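An overview of the molecular structure
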Amino acid sequence: MTEALDKVRRAMPALPKGCGIDDVLVSLGQSYKRGRRLLRRAYADPGEETFHDLRKLVQLHWRHCQIVSRAWPEELELRVAAAREISAILGEENDLADLCAWLRTGHGGDLPSAAAEQIMTAAHRLRLEAREIGRAHV
C-alpha cells in the first residue's frame, strides 16, 4: 500500500492546482455513477445529444481512471482500456450523426439528393451498429 501511495504522490504534480487525490477519487466515483445513469437513458431514449453527452462522460471517467491507475495499474488497466474503446465507438457514432446533420442541411453541394439519402441511410445503420457494439462493451 505504501508503494501505491508513493506512486499517487508522484502523480500529484500532474493534477491542476488545488486538486488533490481525494478530489480525483470522488470525481471518479461520480463520473462512473453519472455515466451509468446516462447510459441507461441513452439506450432507453436514443438521441444524438444524449449519446454525445455519454461520450463526453466516458472520456471524463477514462481520464479519472488514468490518474488513479498510476497507483493501482492492475486494478484499473482494463477499465481504462474499456473506457477508451467505448469512447472511440461513441466518437464514430457522433461523427456519423454529424455527417447526417451536414447532409440534411444541404451542405452536400452537387451531391444528388438520392445519393445523400443513401449515405444517410447507411450512416444511420452504422450508428445503430456502433451503439450496439458500445452496449456490448459495457
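Residues numbered from 1 in each chain as written. Predicted model: local features only at pLDDT ≥ 70, side-chain atom pairs only at ≥ 80, totals over all residues. Heavy atoms only, no water.

1. Focus on the overall build of the protein
Across its full length, the protein holds five helices and zero strands. Going from N to C terminus, the protein has its helices and strands arranged as α-α-α-α-α. For the protein, the proportion of its 138 residues judged to be buried stands at 34%. When contacts within the protein are restricted to residue pairs at least 6 apart in sequence, those whose partners lie at least 24 apart make up 62%. For the protein, the accessible area works out to roughly 8900 Å², and carbon and sulfur atoms hold 55% of it. (Helix = DSSP H or I, 4+ residues; strand = E, 2+ residues; numbered from the N terminus. Buried < 20%, exposed > 50% of the residue type's maximum accessible area, 1.4 Å probe, protein only. Contact = heavy atoms within 4.5 Å. Areas by Shrake-Rupley, 256 points an atom, 1.4 Å probe, with all protein chains shown as cover.)

2. Looking at helix H5 (residues 113-136)
With 24 residues, H5 ought to run about 34 Å at 1.5 Å a step, and its terminal C-alpha atoms sit 35 Å apart, in line with that. Every buried residue belonging to H5 is among Ala116, Met120, Ala123, Arg127, Ala130, Arg131 and Gly134, and all of these are buried. (Expected span 1.5 Å × (residues − 1).)

3. Here's the deal with the side chain of threonine 50
Among the secondary structure elements, threonine 50 is positioned in helix H3 (residues 48-69). Under the relative-accessibility criterion, threonine 50 is labelled buried at 15%. Apart from the residues lying within four places of it in its own chain, the contact partners of threonine 50 are Leu38, Arg41, Ala42 and Asp45.

4. Quick look at a positive patch on the surface
Taken together, the side chains of Lys33, Arg34, Arg36, Arg37, Arg40 and Arg41 make up a positively charged region of the molecular surface. For arginine 41, the location among the structural elements is in helix H2 (residues 21-44). (Patch = residues over 30% accessible without salt bridge, like charges linked within 9 Å, V, L, I, M, F, W, Y side chains within 5 Å. Salt bridge = Lys/Arg side-chain N within 4 Å of Asp/Glu carboxyl O. Lys, Arg positive; Asp, Glu negative; His and termini not counted. Charge placed at Lys NZ, Arg CZ, Asp CG, Glu CD.)

5. What to know about the packing of helix H4 (residues 73-104) against H5
Their axes nearest at 9 Å, the elements H4 and H5 cross at an angle of 160°. As the angle between them shows, H4 and H5 are arranged roughly antiparallel. As H4 packs across H5, the resulting crossing turns out to be left-handed. On the side of H4, the interface is formed by Ile86, Ile89, Glu93, Leu96, Ala97, Leu99, Cys100, Leu103 and Arg104, while H5 contributes Ala116, Ile119, Met120, Ala123, Leu126, Arg127, Ala130, Arg131, Ile133 and Gly134. (Axes fitted to C-alpha atoms, helices over the stretch in contact; angles between N-to-C directions. Parallel < 35°, antiparallel > 145°, perpendicular 65-115°, else oblique. Left-handed = near helix turned anticlockwise from the far one by under 90°.)

6. So, the confidence of the model for the protein
Averaged over every residue, the pLDDT of the protein is 84; the share at 70 or more is 88%. Of all the helices and strands in the protein, helix H1 (residues 2-11) carries the lowest mean pLDDT, 63, while H5 carries the highest, 91. (pLDDT = per-residue confidence, 0-100.)

7. As for the environment of leucine 78
Residue placement: leucine 78 occurs in helix H4. A sequence separation of 13 residues divides leucine 78 from cysteine 65, and the C-alpha atoms of the two residues are 9.9 Å apart.

8. Considerations on the layout of surface pockets
Approximately 310 Å³ is the volume attributed to the largest pocket. Taken together, 16 residues form the lining of the largest pocket, with Tyr32, Val58, His61, Ile86 and Val138 sitting closest to its centre. Elements supplying a minimum of two residues to the lining of the largest pocket: H2, H3 and H4. The residue makeup of the lining of the largest pocket, split by class, is 10 nonpolar, four polar and two charged. (1 Å grid on protein atoms, 1.4 Å probe; cavity = no way out; pocket = protein on both sides within 12 Å on 5 of 7 lines; lining within 4 Å. Points joined across faces, edges and corners; volume = space filled by probe spheres on them. Nonpolar A, V, L, I, M, F, W, Y, C, P; charged D, E, K, R; others polar.)

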